[in-house]
Amino acid sequence: MYKKITITALGLFLSLLAHAQQYYALDTQNSVLDWTGSYSFSFSEHTGTVSFREGIITTRDGKIESGSFIIDMTTITNPDYEARGHGPVGHLKDEDFFDVAKFTTAKLVFTKVEYFEQSNHHKIEANLTIKGLTRPITFYATADGEKRSFHARIKIDRTRWGITYNNALKNEAISDAIEFEAKLLFDAPTDALGLTSQ
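Our subject in this report is the structure included herewith. If you're wondering where the values come from, they're calculated on a predicted model, not measured in any experiment. (Residues numbered from 1 in each chain as written. Predicted model: local features only at pLDDT ≥ 70, side-chain atom pairs only at ≥ 80, totals over all residues. Heavy atoms only, no water.)

This brings us to the environment of Gln21. With respect to the element layout, Gln21 can be found in strand β1 (residues 21–25). Given a relative accessible area of 22%, Gln21 falls into the partly exposed group. Taking the C-alpha atoms as reference, Gln21 lies 8.6 Å from Glu65; in sequence the two are 44 residues apart. A polar side-chain atom of Gln21 sits 2.8 Å from a polar atom in the side chain of Tyr23. In this structure the side chain of Gln21 is engaged in a polar contact, spanning 2.6 Å, whose partner is the side chain of Glu65. (Helix = DSSP H or I, 4+ residues; strand = E, 2+ residues; numbered from the N terminus. Buried < 20%, exposed > 50% of the residue type's maximum accessible area, 1.4 Å probe, protein only. Polar contact = N/O pair within 3.5 Å; in protein donor to acceptor, adjacent residues only side chain to side chain.)

Moving on: the environment of Trp161. Position of Trp161 relative to the elements: it lies in the loop between β8 (149–157) and β9 (174–185). When its relative accessible area of 1% is taken as the criterion, Trp161 is described as buried. Sequence spacing of Trp161 and Leu128 is 33 residues, and the spatial spacing of their C-alpha atoms is 9.3 Å. What Trp161 contacts, discounting residues up to four positions off in sequence, is Leu128, Thr129, Ile130, Lys131, Leu133, Arg135, Ile137 and Ile156. Looking at Trp161, its side chain comes within polar contact range of the main-chain oxygen of Leu128, at 2.9 Å. Within polar-contact distance, the side chain of Trp161 engages the backbone oxygen of Leu133 at 3.4 Å. (Contact = heavy atoms within 4.5 Å.)

On to the environment of Ala106, then. For Ala106, the location among the structural elements is in strand β5 (residues 105–116). Taking the C-alpha atoms as reference points, Ala106 and Gly132, 26 residues apart in sequence, are found 8.0 Å from one another. Contact partners of Ala106, with chain neighbours within four places excluded, come to Phe69, Ile70, Ile71, Met73, Thr129 and Ile130.

Before going further, it helps to examine the side chain of Glu179. Residue placement: Glu179 occurs in strand β9. A polar contact of 2.3 Å, which involves the side chain of Glu179, links it to the side chain of Arg153. For Glu179, the residues in contact, after removing those within four places along its chain, are Asp34, Trp35, Thr36, Arg153, Ile154 and Lys155.

Function-wise, these values are silent; they only describe arrangement.
Structure below.
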């Protein structure tokens, strides 16, 4: 009788694990956040990348439930211009932009995730913290469970985070909008016990 109860309990436990949360740690070496900044009154832009320090997505029954990411602001690059010996990276790290010396990281935390199965799109509400200021944002993303990939495009108004620098010359004025494109890959998921499930 005891053995039967034990087997039944074990089966129930394993069943619960199958429907429990799974945790996907970000593969920081193979994930990137591209950024694009443009000018308000000229056909020109700057592009570059910034790396992640860490991140994790949590799923339940195969659907994204939550997510949290730390962005390493010290890694901002602008390859095209750096190759020519100049570019905006130094300026972006200064106090009038991201003030990287004081705020070395930014943070993105999902607060609500809505999944649209027909289009395989996620509507994500999140809190984005830049320069110590946290503001809500909303964006759309796609995910591929087999490839353990996640893709999203996010556009923000930099002035909401106190990034208010602008050039006095109108034709060199920087747009308030900054665009980010997240191309993320994740490690094999683990369960609540820390066991790899794939």
